[in-house]
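Structural overview
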Amino acid sequence: VQLQASGGGLVQAGGSLRLSCTASGSVSSNNFMGWFRQAPGKQRDLVASISSGGVTNYADAVKGRFTISRDMNKNTVYLQMNSLKPEDTGVYYCYSGYAVRSIQYWGRGTQVTVSS
């Protein structure tokens with residue numbers, strides 16, 4: 001299984017970005033997908049996840065600003081990020097797994113930089 005992420009970039013505070021991550025290969029239809037992020041010098045933290053049934057989970061820091069969704073037919077997960085803040089800066093990694101924090105596959109990261 002390969003996860004291909006895209007959509008990162010540089011944006012001013014208050015702006016928006018949309019990340020996409022498409023899974024290819026032998027992808028289970030009964031899985032979780034989501035996003036972690038890692039800021040420089042910090043650990044990788046969960047941002048949001050979504051189950052195959054559409055149940056979502058968000059980090060407190062992004063609730064109300066970020067929305068995760070997925071297209072089961074396209075094996076793709078999206079992360080709509082609005083009202084971005086400088087503290088949202090980091091490398092965003094998509095994942096596929098068995099549960100919210102049970103990672104089976106990682107995608108390559110995509111850089112998100114929010115300028116103040």
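Below you will find a few notes about this structure. (Residues numbered from 1 in each chain as written. Predicted model: local features only at pLDDT ≥ 70, side-chain atom pairs only at ≥ 80, totals over all residues. Heavy atoms only, no water.)

Enumeration according to the criterion identifies three salt bridges in this entry. Through salt bridges that share partners, Arg37, Arg65 and Asp88 make up one connected network. (Salt bridge = Lys/Arg side-chain N within 4 Å of Asp/Glu carboxyl O.)

On to the packing of aromatic side chains. Summed over all chains, the structure comprises four aromatic pairs. On the basis of an interplanar angle of 75 degrees and a centroid distance of 5.4 Å, the ring pair of Phe36 and Tyr95 is categorised as edge-to-face. Here Tyr95 lies in strand β9 (residues 90-99) and Phe36 lies in strand β4 (residues 32-38), a separation of 59 residues in the sequence. Side by side, Phe36 and Tyr95 carry an identical accessibility label, which is buried. Where Tyr93 meets Trp106, the ring centres are 6.2 Å apart and the plane angle is 80 degrees; that geometry is what we call edge-to-face. With a gap of 13 residues between them, Tyr93 in strand β9 and Trp106 in strand β10 (residues 102-106) connect regions that are remote in the sequence. Looking at Tyr93, the relative accessible area reads 17%, which means it is buried. Through a chain of ring-to-ring contacts, the aromatic side chains of Phe36, Tyr93, Tyr95 and Trp106 assemble into a single cluster. In this structure, Arg18 is placed above the aromatic ring of Tyr78, and the distance from its NZ or CZ to the ring centre is 4.1 Å. Here Arg44 stacks its cationic end above the ring of Trp106, 4.5 Å away from the centre of that ring. (Phe/Tyr/Trp six-rings, centres within 6.5 Å; stacked < 30°, edge-to-face > 60°. Helix = DSSP H or I, 4+ residues; strand = E, 2+ residues; numbered from the N terminus. Buried < 20%, exposed > 50% of the residue type's maximum accessible area, 1.4 Å probe, protein only. Lys NZ or Arg CZ within 6 Å of the ring centre and 35° of its normal.)

Attention now goes to the side chain of Asp88. Secondary-structure assignment places Asp88 in the loop between β8 (76-81) and β9. Within the structure, the side chain of Asp88 is placed 2.8 Å from the backbone nitrogen of Lys85, a separation counted as a polar contact. The contact partners of Asp88, leaving out residues within four places of it in the chain, are Arg37, Arg65, Phe66, Ser83, Val112 and Val114. (Polar contact = N/O pair within 3.5 Å; in protein donor to acceptor, adjacent residues only side chain to side chain. Contact = heavy atoms within 4.5 Å.)

Evaluation of the coordinates by the stated rule reveals one disulfide. Each sulfur in the disulfide pair Cys21 and Cys94 lies 2.0 Å from the other. Measuring the twist about the S-S bond at about 50 degrees, one finds the Cys21-Cys94 disulfide to be right-handed. You can see Cys21 sitting in strand β3 (residues 17-24) and its partner Cys94 sitting in strand β9, a full 73 residues away along the chain. (Disulfide = S-S within 2.5 Å.)

Reading across the sheet, the four strands line up as β1-β3-β8-β7 and stay open at both edges, with antiparallel pairing between neighbours. The open sheet has two edge strands, β1 (2-6) and β7 (66-71), and neither has a second partner. Across the sheet, the axes of successive neighbouring strands diverge by a mean angle of 15 degrees, strand direction being ignored. Direction of pairing for β1 relative to β3: antiparallel, over a ladder of five bridges. Across the sheet, the residue bridging to Ala5 is Cys21, located in β3. (Pairing = 2+ DSSP bridges. Axes fitted to C-alpha atoms, helices over the stretch in contact; angles between N-to-C directions.)

Moving on, we come to the nonpolar core. If you look at the biggest cluster of nonpolar residues, it comprises 24 residues, and the most contacted ones within it are Trp35, Val47, Phe66, Ile68, Leu79, Met81 and Tyr92. Broken down by element, the residue count for this core peaks at four residues, all from β3. Contact partners of Phe66, with chain neighbours within four places excluded, come to Arg37, Val47, Tyr58, Leu79, Gln80, Met81, Asn82, Leu84, Asp88 and Tyr92. (Core = buried A, V, L, I, M, F, W, Y, C linked by side-chain atoms within 4.5 Å.)

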